[in-house]
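# Secondary and tertiary structure notes
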Amino acid sequence: MRAHPLRPWRHALAVLALSTAGCSGQVSFGSGDPNSGPPTVQPDGTLDCDLDSVPGAVTMRSIAEDFAREVHPAMVRETSGCISCHATTSGRLFKVSYEGVETFYAARAAGFMSPQSGSLLSRLVTLDEAARMPRGQPSWSAQEIAAVASLTCQLAAVEAREPAARADEEFPPALLEPYSGPEVATYDNPFLGFDQLKGKVKAVFNDPWVRGGVDRFAQNVGLFGGVDYKDHFVEARVATADFFLGLDDLARDVCLTAATNKSGPFTGLDLAQPLVDVPAPSTKQYEMEGAARTDTTAPAGTQILASTGARSGTTGWNLYTTGSLTTAQPYPFPASATYRFTVKAKGDPCGPELPHLQLKVDGVVVKEWDVSNGTAYADFVHTQAVTGGNHVLSVHFTNDYGETGVCDRNMHVDALQVYGPTEASTGTQRVDAAKAKVDTLYRRMLYRAATAQERTDGYALVRDLNDFEPNANKAWSGLCEGLMRAPDFLFTLPPSYEGLSGKERDRLLLVKLAQDLLGRPPTAAEFTALESGTKSWETLVDDYLASPDFRTYYYQRMRVRTESEGTPDTDEPARLWTHLVLEGKPLQELLTGDYSVDTSFRQVVRPPEHGKTGVLTMKGFIKNKPGLPHYNYAARVMTDFLGAMYEVPSEVFDMRGAATAASTVDPSSICFSCHQTLTPLAHQRLKWDDEGNYRTTDQDGKPLDDSDRNLVAPYAFKGTGMEAFATQAVKKESFVRRTLNAQYALFFGREMRHAQDERVIYKRLWDASQQSNGNLKAVLKTVATSPEYLRR
C-alpha cells in the first residue's frame, strides 16, 4: 500500500541525487529489498512510500535509534545544522535537543516526520530559499536527505500497522528516559509578586498601607510590577530597580508607623527601655607630667597634649600662660551614664583674681573652678552625665596675669581622673532584653528565630541608630526596614530554609505554600497546627485549596494569565478557569465547556451558538485578537493553549501585504510551517467577528463557511466551527502540558523544564490529571506534596 498517490514533479531537483545514495544494508534504513533506493521525494517534500515493503522487524524504537545515529548528528552540527535556531531555549515550534531519540519523538509529535508536505523533509528539499532549511546555510547532502526520507516512510508504516493514540496526544516517550543533559544550575526561588507583597504586609503589620484615604499600594503598583487593569496590564517577571524604590517608601512608612503605635511586629514590645547596660565602674587617671607640647613631636604613647607650659618639677604640668591639657585620644565611655571627674591642681595667685580652671568634654565647658590653693595640690571634683562612646577631655587655664618683678599667675595640674559609671551595674540585662526584641522581630517578620550573630548585629544597628538620633522608635524602625529588605522577606521561600531541618525547615516551607496558594503568609494557628502535628502537610494543603483566600488569589493569578483588562467580559475566561479548579471539573472544559461562569463563580447557561468552545468564543477573549487577515486570534489560541511560538522573519513582513489565505498554505511557501495551523483555525472562527459577536453571514450577506476548508491535509483539528477545533485540541499533549504549567507556575514562578531535568514531575502531573479526569485541584495538590516542591 502507498501513503498517497504519486504527485507530478513541479521543479527539477538537481540537488537530490537520491537514486545514487544507496542503502546501508540495515533493515531500518530502507525497504525490504537491500538493493532498493530510497523513497521518491517530490519537490514539495511529500513522499511516495511503499509501506508494505517495510519489514515487520522495524519498530518505533528502532526508528528512533536510527534517527539518533543517522540524522541527529547533522541537526546538531555547527554548520548546516538546526540547533543554532531550534535549540530547546528557542521559541520555535520545533526544538532540537542534544539527545537524538528525544529529538525524534519531538519531531514526530510536532508532525514533522510525516510523508506529507510541511514535514522536516519538505523544508530540506524545497527550492524556495526563504523556506529552505537550514536557512542561509549549505543544503544537506543527498545521503542525509535520503536518511530522513527513509525513516519517514518507515514511521508511516509502523504507525499504519500499529494504530494507537496520535503522537501528539500521548505522553512524549522520550521524556520517559532519564535526563542526561547538562545540569540546570539556577536559583529557583520566585521573588514576591505584587499581590503576595500586599498580603505579607497586611499579615505582618496589619496595615493595608492606606494613608489619608489613598491606597499607597495602588499608587505604587507600577514600581512593584503589579497589575491594576487601568494603567498597568502586564505583570513584571522579575524584581526591578523600581521595585526597591517602592520598597524604600513602603518599609520606611509601615515600620515607623508600627514602631510608633506598638502594632504589627512591635505589639507588646517596650521600645523605650534603655539599650546599653551599666557596666562595673572603672578608673582612668591621666598623669600630666607625661604631657607633650603640641608644637613638638609627641613621643609614641603620649596620652596628654599641652598647648603651652612645661613640666612642673617632678609632678604635674605648669600652664604658665593661658592654655590647655587635652587627651591625645578620645576616652571611650562604656555606656551612657554618670561619671566622676577629678582634677588635681594648684594655682599661683597674682593680682585681683584667682587662677581659673575649666573642665571640658568635647570642647564644651562642663565645670569651672577658681583655684585658691597655691602650695599643695587639691582635688576639684565634678559629676557629669555623659553619653556612651568616645569623647575628648581637656582642662584649661583661662586667665593668665603677671606683674613684672612682683608676681605671675599660673596653673599647675597634676592629674585628671575619670571614674564610673557611678550607678549600680546592670550586668547584661538591657542588652539581653534588646536582643530578645530583635529575635521577636525576626520571628514575626521572617518566621524564624534569629541566629546569635543576627541578634548581635540587629542590636548593634538599633543602638547605633539611637546614638545617631536619640529616638527609640526610629531606631527600632530602622531594624524593621532592614528586615523588609532581607531575602527571607522578599522571596516566597525564605532562603534560610537551606540551613535548617525538621520543624524549622517545615515552617519556612509552609510560608512558601501559603504565599503560593493564598498570596499571604500562614496564620499563627496554621503554624501551630503543623508544628504540633495536629494537621499534616497534606491536610493543610487541602485546607488551603478549600479556603476563600485561595479562590481570591487563584482568580487574580488567572486574570493575569488570561491578560484580562479588568472588565466583566475580559474577566470571564479567568472566572471559568477558577470555576474549574473550585469544582474539580475536567481541565478540558477550559476549551470545551458549553457554559459560562458568573461573578459568583457559578455555572450559567450561555447561547447555544457557542457550543463546546469554553473560553475560545468568550467575547473578552476574542476582543483585541483580530482574525483574518491578521491571524492574531489563531496565533494567540495556539500560543496560549498549545504552547506554540511563532517567529515572523523579515521575509514574511516583506510579503505579508500581498499574502492571501490560500498563499499561506502553499507547502512551498515560507508561511506554511506556521499557517498549516493558523489559517485553518482562522477560518473556523469566521462566525465570530473581532468584537466577539456571533454572525452567520459576512458583510455582503453571504453565508459563512467556518470549516477548515481542507486547506491543509495534515491539519489536526479538522471540522466546522470552533467546537471542532476545541474538542480535538484538548486531546493534545501540548494542551495538557500548557494547562498543567499554569498550575506549576503558581509554585515555581515559571513553567516546567519538562524536556530537561523536570520530566519526572511532569510525568507525575500528567498521571495525576489522567487519573483524576483533569481535576486541577488534584494537580495542585500533587505539586504541593511532591518531593521537588518539598526539596526532598
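Since the model is a prediction, treat every value here as computed from it, not as a measurement.

With that settled, consider the overall build of the chain. A tally of helices and strands in the chain yields 28 helices and 21 strands. A compact globule built from 792 residues should have a C-alpha radius of gyration of about 28 Å, whereas the chain, at 41 Å, is more than 25% larger. Seen through its principal axes, the chain has C-alpha atoms that stretch 140 × 60 × 55 Å. A burial count over the chain gives 49% of its 792 residues as buried. Of the roughly 35,000 Å² that the chain leaves accessible, carbon and sulfur atoms contribute 51%. Computing the positive centroid from 81 side-chain charges and the negative centroid from 97, the chain places the two 3 Å apart.

Scanning the model with the defined rule gives three disulfides in all. Paired by a disulfide, Cys49 and Cys153 hold their sulfur atoms 1.8 Å apart. The sign of the S-S torsion, about -70 degrees, decides the handedness of the disulfide formed by Cys49 and Cys153: left-handed. With a gap of 104 residues between them, Cys49 in the loop between strand S2 (47-48) and helix H1 (60-70) and Cys153 in helix H6 (residues 142-161) connect regions that are remote in the sequence. According to the relative accessible area criterion, Cys49 is buried, its value standing at 0%. Here the chain pairs its bonded cysteines, counted in sequence order, in the arrangement 1-2, 3-6, 4-5. As a non-bridged cysteine, Cys82 has Cys85 as the owner of its nearest cysteine sulfur, 8.7 Å distant.

Our next topic: the sheet that holds strand S10 (residues 323-327). With mixed pairing, six strands are arranged side by side in an open sheet as S6-S7-S10-S17-S13-S14. Only two strands of the sheet have a single neighbouring strand rather than two, namely strand S6 (292-293) and strand S14 (364-370). Bridge count between S10 and strand S17 (residues 393-397): four bridges; the pairing is antiparallel. From the neighbouring strand, Leu325 faces S17, where its bridge partner is Val395.

Turning to the environment of Ser663, a few remarks are in order. Among the secondary structure elements, Ser663 is positioned in helix H23 (residues 661-664). Classification of Ser663 as partly exposed rests on a relative accessible area of 27%. Spatially, the C-alpha atom of Ser663 lies 42 Å from that of Ser180, the residues being 483 residues apart in sequence.

Taken as a whole and judged by the stated rule, the model has 48 salt bridges. Between Glu169 and Lys732 there is a salt bridge, and its shortest N-O distance comes to 3.1 Å. A residue pair is termed long-range when its members are at least 10 positions apart, and Glu169 in the loop between H6 and helix H7 (194-205) and Lys732 in the loop between helix H25 (721-729) and helix H26 (733-748) qualify at 563 residues. Its relative accessible area of 22% is what places Glu169 among the partly exposed residues. Close ionic contact of Glu788 with Arg764 constitutes a salt bridge, the shortest N to O distance being 2.7 Å. Here Glu788, found in the segment after helix H28 (776-784), pairs with Arg764, found in helix H27 (residues 759-771); they are 24 residues apart in sequence, far enough to count as distant. Classification of Glu788 as partly exposed rests on a relative accessible area of 28%. Under the relative-accessibility criterion, Arg764 is labelled partly exposed at 27%. One salt-bridge network, held together by shared partners, links Asp188, Arg750, Arg753, Asp757 and Glu758.

Once that is clear, we can look at the nonpolar core. General note: in soluble globular proteins, nonpolar side chains tend to be found buried as a group. Counting residues in each nonpolar core, the largest one holds 126 residues, and the members touching the most others are Met484, Leu616 and Phe725. With near-sequence residues (within four places) excluded, Leu616 lies in contact with Leu591, Phe621, Ile622, Tyr633, Val637, Phe641, Met722, Phe725 and Ala726. Ranked by size, the runner-up nonpolar core spans 39 residues in total, among them Phe67, Val71, Leu151 and Val158.

Conventions used here
- Residues numbered from 1 in each chain as written.
- Predicted model: local features only at pLDDT ≥ 70, side-chain atom pairs only at ≥ 80, totals over all residues.
- Heavy atoms only, no water.
- Helix = DSSP H or I, 4+ residues; strand = E, 2+ residues; numbered from the N terminus.
- Rg over C-alpha atoms; globule rule 2.2 N^0.38 Å.
- Buried < 20%, exposed > 50% of the residue type's maximum accessible area, 1.4 Å probe, protein only.
- Areas by Shrake-Rupley, 256 points an atom, 1.4 Å probe, with all protein chains shown as cover.
- Lys, Arg positive; Asp, Glu negative; His and termini not counted.
- Charge placed at Lys NZ, Arg CZ, Asp CG, Glu CD.
- Disulfide = S-S within 2.5 Å.
- Pairing = 2+ DSSP bridges.
- Salt bridge = Lys/Arg side-chain N within 4 Å of Asp/Glu carboxyl O.
- Core = buried A, V, L, I, M, F, W, Y, C linked by side-chain atoms within 4.5 Å.
- Contact = heavy atoms within 4.5 Å.

Any functional reading would require information beyond the geometric quantities listed.
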